[in-house]
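A look at the structure
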Amino acid sequence: MTIETIHPKGWKAAKGYANGMIASGSRTVYIGGQIGWNAEQVFETDDFIGQFEQTLKNVLAVVEEAGGQASHITRLTWYITDKKEYLARQKECGQAYRRVMGRHFPAMAVVQVSALMEDEALVEIEGTAVLP
């Protein structure tokens, strides 16, 4: 299995994400929207960073259950309910991201939404991984 980051020549460097990835492997995992609750579907915090980190742990748990690891993730889409809080806490987001995912930065998008299906949820992340 190989994963290659794609970056168009002449573009400014992407920071904390990839513009694109080419992945080849034998299994593709589609990760459904994960939110910041624990395995018992209980929110342990109403803090954005706490929920964000738990959400990433949940995403990674799905990939690991399929036999993969963080480096196999090729795409993530984040849905957040508060753009201002996200922007104000970007450094903390980066720290939480690296604690869970290391320094692997797949193609990503962040989208502000008015609400998520679980009223307590502040962030939801879905993605794709390609496993060997």
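In case you missed it, the structure is sitting above this.
My aim in this report is to walk through the structure given alongside it, one point at a time.

Conventions and cut-offs
Residues numbered from 1 in each chain as written. Predicted model: local features only at pLDDT ≥ 70, side-chain atom pairs only at ≥ 80, totals over all residues. Heavy atoms only, no water. Helix = DSSP H or I, 4+ residues; strand = E, 2+ residues; numbered from the N terminus. Expected span 1.5 Å × (residues − 1). Buried < 20%, exposed > 50% of the residue type's maximum accessible area, 1.4 Å probe, protein only. Contact = heavy atoms within 4.5 Å. Polar contact = N/O pair within 3.5 Å; in protein donor to acceptor, adjacent residues only side chain to side chain. 1 Å grid on protein atoms, 1.4 Å probe; cavity = no way out; pocket = protein on both sides within 12 Å on 5 of 7 lines; lining within 4 Å. Points joined across faces, edges and corners; volume = space filled by probe spheres on them. Pairing = 2+ DSSP bridges.

Turning our eyes to something else, we now look at helix α1 (residues 48-65). For α1, spanning 18 residues, the distance from its first C-alpha to its last is 26 Å, which sits close to the expected 26 Å at 1.5 Å a residue. What α1 keeps buried is the set Phe 48, Ile 49, Gln 51, Phe 52, Glu 53, Gln 54, Thr 55, Leu 56, Asn 58, Val 59, Leu 60 and Val 63. Against the buried residues of α1 lie β3 (27-35), β4 (73-80), α2 (83-88), α3 (90-101) and β6 (123-131). Sitting at the amino-terminal end of α1 is Asp 47, which places a side-chain oxygen 3.2 Å from the backbone nitrogen of Ile 49. Among the residues trailing α1, Gly 67 stands out with phi positive, at a value near 100°.

Put simply, the largest pocket is a space of about 310 Å³. Contributing to the lining of the largest pocket are 15 residues, with Lys 15, Gly 16, Trp 78, Tyr 86 and Gln 90 lying nearest its centre. Among the elements of the structure, α3 and β5 (107-112) are those that each provide at least two residues to the lining of the largest pocket. Sorting elements by how many residues they give to the lining of the largest pocket places α3 first, with six residues.

Before going further, it helps to spend a moment on the pairing of β6. Counting buried positions over the nine residues of β6 gives seven, a clear majority of the element. As judged from the seven bridges shared by β3 and β6, these two strands associate in the antiparallel manner. Bridge pairing in β6 places Arg 27 opposite Leu 131. Examined bridge by bridge, β4 and β6 share seven bridges and lie antiparallel to one another.

Within the fold, Ala 61 resides in helix α1. For Ala 61, a relative accessible area of 39% gives the class partly exposed. Here the alpha-carbon distance between Ala 61 and Ile 31, two residues 30 residues apart in the chain, equals 10.0 Å.

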